[in-house]
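Each chain is listed here by its residues.
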Amino acid sequence: MTIYTETMTYDDGLDWIHQQLKFGIKPGIKRMQWMLEQLGNPQEAIKGIHVVGTNGKGSTVNYLKTIFMEAGYEVGTFTSPYIMDFRERIALNGRMISKEDLVALLEIVKPIAEKLPLETGFEPATEFEIITTMMFLYFGRLHPVDIAIIEAGLGGTFDSTNVFHPLAVICTSIGMDHQDILGQDYLDIAVQKVGVLKEGVPFIFSENKVEVRQVFYDKAVQTHSQVYEFAKDFMVSGRSDNFTFNWQETQLTGLSLQMLGQHQVTNASLAIMCSLLLDEDYPLVSQEVIASGLSKAKWLGRTEMMSSNVMIDGAHNKESVAALIDVLKNSFPHKNIHILFSAIKGKPIHQMLDQLDRIGSVTVTTFPFPKALDLDDYPQTYASVANFQNWLATCDTRSEKDLYVITGSLYFISQVRQYLLAKPCYNKTSETKDKKE
C-alpha cells in the first residue's frame, strides 16, 4: 500500500526532520504521549517486540525480522542509526519505507509537532521523537503489520519508544555508554533499560553482572513478568557456523549464522527464545523456519566483509570493541590486522584504542560529523591520517596475509561504506539495490 501526497517534497521533508536535531536529546515520554494522543494513539494497535540494551540491539532485531518474514508474516522494524539511507529506520519486510509514504507521514505529523510547544508547556519535539511518532503511526494505522520489532534509542524508561505495550521485551546487554544521560555505572544503566518492562510481559535477557541481574529480577517481580535468562533458562553450545539451542524439552541443532562472532550466537539465541515464546500468536514460526531465517540474516556495518580482506564494523564502545576483537582472534588468527578507528565525542577512546592495539596496528582519523572527535583529541601515540580515503588508498586489497578493519562510530562506518560501494572492487551493488527497492 502506498499513500501519496504532492504537497511536500521528500527532500523538503527530510530537511525539516534533520532541522530538529538542533533540539538535541531530551529524555522523557510526555511529548511523545501528547503527539500520539493527537493522532488517536496508533501505538495501541501495535503487536510488537521491544528490544533494549547497549550492544546487539540491531542484530537481534534483524534476526527476529528474518525469522518472522521466513514464516510469511509482514514485519515492521524500527532501528537506529541508519547506515546508507535515513529511510532504513522504518522498514517493511526488510525494505525501507518509500519516499512517498514517508512524506505522507510527515504531512500528518509535522503540524502536530509544530503545535506541541505552542499548545503545551513542553519544549519542541526532537528528531528522534518525530521519527518515532511517524513509525507508530505507520505500523499502527497507515500500514498495519503482523508484528513490529522496535529498537529503543537511548535507555528505556525515558526513551521515546517506551509508549506501547509489547508482547515481549528483550535486553541484549548492559554496557557503559551514554553515561551522561543514563548514569555512571552498570546499575543505573540497567534500571533505565529495564524500565520498559510492562505488566505481565515476558522478559528475555543476557547478562552476567550480579548487580544487573538483581535489578532485572526485581523489576520482573514488580511487573509480574516471567524471566528467561540466557545461559540459565535457555542456552547454546557451538559457534556461529554450527550451534545448538536448548530450552526445556526444545532443542534446535545445526543452526548457522552469516554474521561472525560468539556475541552473534548470543543475540540469535535471544531471538530464538522470543520466537518460541510467541508461538501461540504466531504459529507459523516453526523450528525449521527459525533455522532458515537465522541462516539468511545479515546486518549492514557489523563485521561486514566489503571485500575478501576489508571489514567494516561499528564497534562504538568498550563492549563492542571486545566483541570485534573476539571475532578477529577466532576468525582471522593468522592475518596481519590493520585497524582504522574513528569515534564521536564522549566515548572511552583510551580504553577502546588500548584493546584494539593488542590485536593489530592502529591508525586514528576523523570524519565530517558534528560530534566526531578531532584528530588532536586522540592520544598522540597512535598513527593518524587526515581522512579514511587516504588510509584506504594504502590498503593492498589483493593481499592474502593482511586484513584491513575500519571500525568505531556507526556514523563513521556509514560514510566509509557509502564510499566503498562506489568503488568497482567492492562488489556490493546487488545488496544495495535490494535495500533501495
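Predicted model only: the values in this text are computed from it and were never measured. Starting afresh in each chain, residues are numbered from 1 along the sequence in its written order. Selection of residues for local features in this predicted model requires a pLDDT of at least 70, selection of side-chain atom pairs for listing and counting requires 80 or more, and totals for whole chains, interfaces and linings are taken over all residues. Note that the side-chain values use all heavy atoms of the structure and ignore hydrogens as well as water.

Please give an account of the overall build of the protein that cites residues and values.
Helical segments are the DSSP runs of H or I of at least four residues, strand segments are the runs of E of at least two, and each set is numbered from the N terminus. When you go through the protein residue by residue, the secondary structure sums to 15 helices and 17 strands. It is over C-alpha atoms that the radius of gyration is taken, and the globule rule equals 2.2 Å times the number of residues to the power 0.38. For 437 residues, the compact-globule estimate of 2.2 N^0.38 gives 22 Å, and the C-alpha radius of gyration of the protein, at 21 Å, lies within 12% of that figure. With respect to the principal axes defined by its C-alpha atoms, the protein has extents near 60 × 55 × 45 Å. Partitioning the contacts of the protein with sequence separation of at least 6, the portion at a separation of at least 24 is 72%. Summed over its atoms, the accessible surface of the protein is roughly 18,300 Å², and 49% of this surface lies on carbon and sulfur atoms. Whether two residues touch is decided by their heavy atoms; if any such pair falls within 4.5 Å, the residues are in contact. Where accessible areas are quoted, they stem from the Shrake-Rupley method and a 1.4 Å probe; at the residue level, only the protein chains shown are allowed to cover.

With reference to specific residues and values, describe the packing of aromatic side chains.
Note on aromatic contacts: the rings of Phe and Tyr and the six-membered ring of Trp form a pair at centre separations within 6.5 Å, being stacked when their planes are under 30 degrees apart, edge-to-face when over 60 apart, and tilted otherwise. Scanning the model with the defined rule gives 21 aromatic pairs in all. Here Phe68 and Tyr282 contribute two aromatic rings whose centre-to-centre distance is 5.3 Å and whose plane-to-plane angle is 85°, an arrangement assigned as edge-to-face. Separated by 214 residues along the polypeptide, Phe68 in helix α3 (residues 57-70) and Tyr282 in the loop between α9 (262-277) and α10 (287-296) bring together distant segments of the chain. Each residue is placed in one exposure class: buried if its accessible area under a 1.4 Å probe, protein chains only, is under 20% of its type's maximum, exposed if it is over 50%, and partly exposed if it falls in between. By relative accessible area, which is 0% here, Phe68 ends up buried. For Tyr282, a relative accessible area of 2% gives the class buried. Arranged with centres 5.8 Å apart and planes meeting at 40°, the rings of Phe78 and Phe128 form a pair that is tilted. Taken together, the residues span a long stretch of sequence, with Phe78 in strand β2 (residues 75-78) and Phe128 in helix α5 (residues 127-142) at a distance of 50 residues. The pair Phe78 / Phe128 is uniform in exposure class, with both members buried.

Can you break down the sheet that holds strand β16 (residues 383-384) residue by residue, with the values?
Strand pairing is assigned whenever DSSP identifies at least 2 bridges connecting the two strands. Taking strand neighbours across the sheet as the criterion, the 6 strands line up as β12-β13-β17-β14-β15-β16 in an open arrangement whose pairing is mixed. Two strands close off the open sheet at either side, each with one partner strand: β12 (304-307) and β16. Here helix α14 (residues 410-421) sits on the sheet and contacts β12, β13 (310-313), β14 (336-342) and β17 (402-408); the angle it forms with β17, its principal contact strand, is near 135°. With axes taken as lines fitted to C-alpha atoms, and helix axes fitted only over the stretch in contact, angles between N-to-C directions fall between 0 and 180 degrees.

Give me the lowdown on helix α12 (residues 349-357), citing residues and values where you can.
Along α12, the residues classified as buried are Ile349, Met352, Leu353, Gln355 and Leu356. Along the axis of α12, the buried positions cluster into a sector of 155°, meaning they face one direction only. Those residues of α12 that are buried are in contact with α11 (318-331), β14, β15 (361-364) and β17. What the arc covers is the set of directions going from the helix axis to the C-beta atoms.

Can you lay out unusual backbone geometry for me, pointing to particular residues and giving the numbers?
In this structure, Pro81 follows Ser80 across a cis peptide bond, with omega equal to -10°. Along the polypeptide, Pro81 turns up in the loop between β2 and β3 (90-92). For Asn41, which is not a glycine, the phi torsion comes out positive at approximately 55°. Residue placement: Asn41 occurs in the loop between α2 (30-38) and β1 (48-52).

Run through α10, naming residues and quoting values.
Regarding α10, the residues found buried are Val289, Ile290, Gly293 and Leu294. Looking straight down α10, one finds that the buried residues subtend no more than 125° of arc, so they occupy a single side. Summarising the contacts, the buried residues of α10 are in contact with α3, β10 (242-247), β11 (250-255) and α9.

So what's going on with the environment of Asp377? Residues and values would help.
Mapped onto the elements, Asp377 comes out in the loop between β15 and β16. Accessibility expressed as a relative area gives 40% for Asp377, which makes it partly exposed.

Can you tell me about the sheet that holds strand β9 (residues 234-239), naming the residues and giving the values?
Within a sheet, adjacent strands bond to each other through the backbone by hydrogen bonds, running parallel or antiparallel. Overall, antiparallel pairing links the 3 strands, which are arranged β9-β10-β11 in an open sheet. Two strands bound the open sheet, and with one partner strand each, they are β9 and β11. For this sheet, the mean angle separating the axes of adjacent strands, direction not counted, is 10°. As paired elements, β10 and β11 share 4 bridges and run antiparallel to each other. Bridging from a neighbouring strand, Phe245 pairs with Leu252 of β11.

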